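Remarks on the overall topology
Chain by chain, the residues run as shown.
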Amino acid sequence: MAAYDTEAIVLRSIRYSEADVVLALTTRERGRVSAIAKGARRTTSKMGGRLQPGVRVQVTIHEGRGDLGTIRAASMIDAHAGLWVAGHRLQAAGCVLETAMRVMPENEPSEEAWHLLVRTLDLLARAPAPPGPARLDPLVLGCQAKLLIVSGLMPVLGSCARCGGAHPLVAFSPVAGGAVCADCGAGAEPVEPGALAALAGLVGRPLAEAPDLVPAGDAAGVERLIGLVLREHLGVQLRSAAPL
Ligand SMILES: [Zn+2]
């Protein structure tokens, strides 16, 4: 059986049997993959302790007949220990991992998506907790906004997505592909200008600046815009996000 070494971030771990877990991983070499870690649930397993959601590891994956690989060895690159000492950070990381899980396609490596995820977890592991729920943390929203770009789903925000005009943008139409003016707003969702501006900022600026780009009052609006795009284009509703 073929095997490959790759850096990976654990997105999700599901108990598979008494001793084994099935992991969803995003890998640098192969994109998102699933793999079974045999014996990882045994208390004597060194591997099990390393393969927690959010950690960055070096793994060797043996390819199986189906889609499920087998992890035979894992070594820690970064445990992101800071995530585990604060509830807010761990919850925020959970939102990011769920987004990666649902948005990134299987077996399609993306250096951009890889670096984005690494950077987000690095920042979250040492970030102070902003006020409000973890799902509205600007770093979470910033990572999600940038994942839209990586996925080719970034909405038009600077001019009307229907007529191209530079009129004030008062609504958001996922079908039209972005913000729309009052003339083109039939059937579109009303939107706060602040949320549009914040989303545009998150897209255009480095992730580390996210906390300065999203006023607390606009965070829920940004979450909603991202949610509308994901629902329209991928049929995805994030469990960690507020219902649309
Ligand atoms: Zn228009």
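About the criteria used
- Residues numbered from 1 in each chain as written.
- Predicted model: local features only at pLDDT ≥ 70, side-chain atom pairs only at ≥ 80, totals over all residues.
- Heavy atoms only, no water.
- Helix = DSSP H or I, 4+ residues; strand = E, 2+ residues; numbered from the N terminus.
- Rg over C-alpha atoms; globule rule 2.2 N^0.38 Å.
- Buried < 20%, exposed > 50% of the residue type's maximum accessible area, 1.4 Å probe, protein only.
- Contact = heavy atoms within 4.5 Å.
- Pairing = 2+ DSSP bridges.
- Axes fitted to C-alpha atoms, helices over the stretch in contact; angles between N-to-C directions.
- Donors = N, O, S within 2.8 Å, 3.2 Å for Na, K, Ca; no water.
- Tetrahedral: all angles 85-135°; square planar, octahedral: opposite > 155°, others 65-115°.
- Domains from an automatic or database assignment.
- Buried area = accessible area lost by both parts, 1.4 Å probe.
- Salt bridge = Lys/Arg side-chain N within 4 Å of Asp/Glu carboxyl O.

1. A closer look at the overall build of the protein chain
For the protein chain, the count of helices and strands is seven helices and eight strands. Against the 2.2 N^0.38 benchmark of 18 Å for 244 residues, the protein chain shows a C-alpha radius of gyration of 19 Å, consistent with a compact globule. Along the longest, intermediate and shortest principal axes, the C-alpha atoms of the protein chain span 65 × 40 × 30 Å. Every one of the 244 residues in the protein chain was classed for burial, and the buried ones make up 49%. A separation threshold of at least 6 residues defines the contact pool for the protein chain, and within that pool the share at least 24 residues apart is 56%.

2. Focus: unusual backbone geometry
For histidine 80, which is not glycine, the phi torsion reads 50 degrees and is therefore positive. At asparagine 107, a residue that is not glycine, the phi angle is positive and equals roughly 55 degrees. Relative to the helices and strands, asparagine 107 resides in the loop between helix H2 (87–103) and helix H3 (111–125).

3. Thoughts on the sheet that holds strand E4 (residues 56–62)
Strand order in this closed barrel of five strands is E1-E2-E3-E5-E4, and the pairing throughout is mixed. Shown here is a sheet whose adjacent strand axes are inclined to one another by a mean of 50 degrees, direction ignored. Pairing of strand E1 (residues 3–15) with E4, which is carried by seven bridges, proceeds in the antiparallel orientation. Bridge pairing in E4 links alanine 8 to valine 57. Contacts from H2 reach E1, strand E2 (21–27) and strand E3 (31–37) within the one sheet, and its direction differs from that of E1 by about 115 degrees.

4. Thoughts on the coordination of the zinc ion
Under ideal tetrahedral coordination, the four donors around a metal are separated by 109.5 degrees; under ideal octahedral coordination, the six donors are separated by 90 or 180 degrees. Coordination of the zinc ion by the protein comes from Cys160 (SG), Cys163 (SG), Cys181 (SG) and Cys184 (SG), over a distance range of 2.3 Å. Here the zinc ion is ringed by four donor atoms whose angles at the metal span 102 to 117 degrees, and the overall shape comes out tetrahedral.

5. Details of the domain arrangement of the protein chain
Domain boundaries in the protein chain define domain 1 (3–79) and domain 2 (87–234). Distance between the C-alpha centres of domain 1 and domain 2: 29 Å. The partner domain 2 presents 16 residues to the 20 residues of domain 1 that form the contact. Both sides of the domain 1 and domain 2 interface together cover about 1,600 Å² of buried area, and 60% of this is carbon and sulfur. By the criterion of area lost to domain 2, the three top residues of domain 1 are Leu11, Arg28 and Arg32, representing 43% of everything that side buries. If you look at where domain 1 meets domain 2, you find one salt bridge. The shortest N-O distance in the salt bridge between arginine 28 and glutamate 111 comes to 3.0 Å.

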